[in-house]
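# Survey of secondary and tertiary structure
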Amino acid sequence: MNRGAAILPAALTAIAVSASLAAAIVELTRVEVVLARHRRTATNALLAADGCLAGVVAGIPPAWDLDALLAGPDGIRGTGDDGVLAPRAGCTGSADVPPGPAAPPRARVRLTAVAGRGRRSLEAIVGRARVPGAGTLLWLGRSPLDASITGTIFLDGADPGDPTLDAASLGAPESPSALDGWLTSEAGHIAMTARTHAAIGVASPPVAALGPRVQAGSPAGAEALVPGTPVPTLTRVAGDLVVAATLHGAGLLFVDGALDIAGALDFTGVIVVSGDVRIRPGGSLTVAGTLWTGAGAFVVDGALAVRQDGDALARADGLVPLPRLGVLLGQRDLG
Amino acid sequence: MSRGSGLVEAVVATALGLLVVSVLTAAMALGGRVLASCGARGEAEDTAQLAVEAFTFDARRAGFDPAAAGVEALAEARPDRVAFLADLDASGAIDTSTEESTAHVCAAGQLSRVIGRQSLPLADRATTCVFRYYDGSGVEVIPPPTGLDAAGRRAVRAVALEIVLGPARLHGRSGRRILVALRGRS
């Protein structure tokens, strides 16, 4: 037998087998790469849907109901665009009222996000937060970056009864990083305890909408602020409130004007000020609860101390229902 | 001097031929092993990933309660078993024979997804398979072997799955750890 005739088929066979193995490895690798790409695409789409939902929830204005979410772009319930959401680019959605009880207010949101070649849809239930307000000690109606702080501010977010109610230092219509920067820059004037949560960016408190609700609650006047032990009361002061003596109050104090502290005011509950807040040198404002302001100036030349008190907030909320932030109550992926 | 093939030439030629065949055989065997190993590794990674995706899918919708009927997110919370609840048809009630009640179970080196009486194996040969629970402060809540009680389950804000597969003869260890926050618990 010719040896050359035997070697050639063997070599060809070896080459064919090797080529098949190499091709199989290449194909296996290609399949794994494709799978990994699909997983990444699906994950990116899921992240986009989650981000879109977070944006929708964060965009719900602080209020008592979810009409702003359900009313559509025109902001009017009962019109043709009800339920149409206009979230960020790459995302479409709608909102309606879910089954079940009408109170507390809830809305069902359906969103679809597209990211690259991926598409994910989800359904979510949103409602109002359990805790009134924004979960902050100070809820300002304007950015504090131009506020004047020559006095001292002490913020204690630790709730005495329930650690889950610990509050953030500050909420304002400003980016959280800018608020952090401002708090850092004012470190010589602002002190916070360890359990005080970080500042949050949030829409302004709905002071204008709260005013009529307070008025409808037959509030007392400035006489509810007393030198001795106060009784929790719904209080409304029409116009500026100047405190020159030492006074105490409790409940909810709505100042439909400026709050000017030259003396001392110790309040347990919620103080809402539609105008400027000014604490003069030597003056002090102490709040066990929270302080909300409108778009007025925020000037602290004296001493401001705010500490969290969930019970005081609940009592104020019992005097007049307070606005709450929108929150995510649950969600599920639709595909 | 004689002409033609001699014995020495034949022996040398045979040896060279055997050497070449041996090298080729070894090369093909190595290629085969690489192929099998790659396949096994890819399969193990796929298995771990699919297990994580199934767990994430169920955990994300835990506590979904469109009818505001008070549906809890967790029906069970044990180191080796977690059961999620979700009112998927907005009926206000949980049908435990459907996906509205979904459990993930680690037992005998296997992770399974249990719906009603159906058990779907998600991953085999798990050397580590454990569920972990965290409260709102990010502190791990250690459940007793019998599981967290109702108050303990309500305090859970996030659930984690930690799973490690293998190693097996053809591939090394494949592991995943996923932490999923329970929605609507802030």
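You'll find the structure just up there.
Residues numbered from 1 in each chain as written. Chains lettered and ligands numbered in written order. Predicted model: local features only at pLDDT ≥ 70, side-chain atom pairs only at ≥ 80, totals over all residues.

## Focus: the overall build of chain A
Convention followed: Secondary structure elements are defined from DSSP: runs of H or I of at least 4 residues count as helices, runs of E of at least 2 residues count as strands, and each element is numbered from the N terminus. The size measure is the radius of gyration over C-alpha atoms, and the globule rule it meets is 2.2 Å times the number of residues to the 0.38 power. Each residue is classified by how many other C-beta atoms fall within 10 Å of its C-beta atom, where C-beta atoms are placed from the backbone; a count of 20 or more means buried, 12 or fewer means exposed, and values in between mean partly exposed.
Counting secondary structure elements, chain A contains 5 helices and 20 strands. Taking 20 Å as the expected radius of gyration for a compact globule of 335 residues, we find that chain A reaches 29 Å, considerably beyond that expectation. Projected onto its principal axes, the C-alpha coordinates of chain A cover approximately 120 × 50 × 35 Å. Here chain A, with 335 residues, has 39% of them falling under the buried criterion.

## Quick look at the interface of chain B and chain A
It is common to report an interface's size as the accessible area lost on association of the parts. Spelled out, the test is: Whether two residues are in contact depends on their C-beta atoms, placed from the backbone: they are in contact if these lie within 7 Å. Under this grouping Gly is polar, as are all residues other than the nonpolar Ala, Val, Leu, Ile, Met, Phe, Trp, Tyr, Cys and Pro and the charged Asp, Glu, Lys and Arg.
Taken together, the contacts link 30 residues of chain B with 25 residues of chain A. Along the lines of polarity and charge, the residues of the side of chain B that touches chain A split into 15 nonpolar, 10 polar and 5 charged.

## Considerations on the sheet that holds strand S3 (residues 106–115) of chain A
Across a sheet, paired strands are connected by hydrogen bonds in the backbone, their directions being either parallel or antiparallel. Residues and elements named next belong to chain A. How we decide: A pair of strands is considered paired only if DSSP assigns at least 2 bridges between the two.
Across the sheet, which stays open at both edges, the 5 strands sit in the order S1-S2-S3-S4-S20 with antiparallel pairing between neighbours. Each having just a single partner strand, strand S1 (84–85) and strand S20 (326–333) make up the two edges of the open sheet. Pairing analysis gives 7 bridges linking strand S4 (residues 118–128) to S20, with the strands arranged antiparallel. Counterpart to Ile125 in the pairing with S20 is Gly330.

## Brief notes about the sheet that holds strand S3 (residues 101–107) of chain B
Residues and elements named next belong to chain B. Heads up, the rule is: Simply put, an axis is a line fit to the C-alpha atoms, just over the touching stretch for a helix, and the angle between two N-to-C directions goes from 0 to 180 degrees.
Pairing within the open sheet is antiparallel, and its 5 strands lie in the order S1-S2-S3-S4-S5. Each edge of the open sheet carries a strand with a single partner, namely strand S1 (74–78) and strand S5 (118–123). Each adjacent strand pair in this sheet contributes to an overall mean axis angle of 20°, direction not counted. Across 4 bridges, the pairing between S1 and strand S2 (residues 81–85) is antiparallel. Pairing of Ala77 across the sheet is with Val82, part of S2.

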